[in-house]
Amino acid sequence: MNTKLHDENVDFLFDAILTLKNREECYKFFEDLCTVPELKAMSQRIAVAKMLSERHVYSDIVDKTGASTATISRVNRSLNYGSDGYTLIFERLLTGGGKED
């Protein structure tokens, strides 16, 4: 885990996110917190990560998500050498461990 990220403000952000109870609350919070391009970029990255974890090829991912090959490579690097955050989320979503909307 990247300890450079750890600080009081990031902790407060994560604590705030952990209070959200459903998809509607997420929409409200993230629409206030993020710009539309920031939110679109984050949602694109998780879509790319899901497709990579399902073994889709880059050309299919570009076609489906509109992500650049640079973004796909960056996400792939996170999947292979990151903190396993994507894997954690995908496993929970697969087993129904995620929150309902």
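Above this text you will find the structure in question.
The structure contained in this document is the topic of the report that follows. Just so it is clear, the structure is predicted and the values come from calculations on it, not from any experiment.

### Brief notes about the overall build of the chain
Here comes step 1: Regarding its fold elements, the chain presents six helices and zero strands.
Here comes step 2: Reading the helices (α) and strands (β) of the chain from amino to carboxyl end gives α-α-α-α-α-α.
Here comes step 3: Principal-axis analysis of the C-alpha atoms gives the chain an extent of 35 × 30 × 30 Å.
Here comes step 4: Counting all 101 residues of the chain, 15% fall into the buried class.
Here comes step 5: For the chain, contacts bridging at least 24 residues in sequence account for 44% of all contacts bridging at least 6.
Here comes step 6: Accessible area for the chain stands at about 8100 Å²; split by element, carbon and sulfur atoms hold 55% of it.
Here comes step 7: Distance between charge centres in the chain, computed from 13 positive and 16 negative side chains, equals 5 Å.

### Quick word on the nonpolar core
Here comes step 1: Judged by nonpolar contacts, Val48, Ala49, Met51, Leu52, Ile61, Ala67, Ile72, Val75, Leu79 and Phe90 together constitute the single largest core of ten residues.
Here comes step 2: When residues no more than four places from it in sequence are discounted, the contact partners of Ile61 are Val48, Met51, Leu52, His56, Gly66 and Ile72.

### What about the side chain of Thr65?
Here comes step 1: Along the chain, the position of Thr65 falls in helix 4 (residues 58-65).
Here comes step 2: In terms of polar contacts, Thr65 uses its side chain to reach the backbone amide nitrogen of Ala67, at 3.1 Å.

### Overview of the pattern of salt bridges
Here comes step 1: In this structure the tally under the stated criterion is one salt bridge.
Here comes step 2: A salt bridge links Glu54 to Lys50, with the nearest nitrogen and oxygen atoms 2.6 Å apart.
Here comes step 3: On the basis of relative accessible area, Glu54 is assigned to the partly exposed category, the value being 41%.

Criteria and cut-off values
- Residues numbered from 1 in each chain as written.
- Predicted model: local features only at pLDDT ≥ 70, side-chain atom pairs only at ≥ 80, totals over all residues.
- Heavy atoms only, no water.
- Helix = DSSP H or I, 4+ residues; strand = E, 2+ residues; numbered from the N terminus.
- Buried < 20%, exposed > 50% of the residue type's maximum accessible area, 1.4 Å probe, protein only.
- Contact = heavy atoms within 4.5 Å.
- Areas by Shrake-Rupley, 256 points an atom, 1.4 Å probe, with all protein chains shown as cover.
- Lys, Arg positive; Asp, Glu negative; His and termini not counted.
- Charge placed at Lys NZ, Arg CZ, Asp CG, Glu CD.
- Core = buried A, V, L, I, M, F, W, Y, C linked by side-chain atoms within 4.5 Å.
- Polar contact = N/O pair within 3.5 Å; in protein donor to acceptor, adjacent residues only side chain to side chain.
- Salt bridge = Lys/Arg side-chain N within 4 Å of Asp/Glu carboxyl O.

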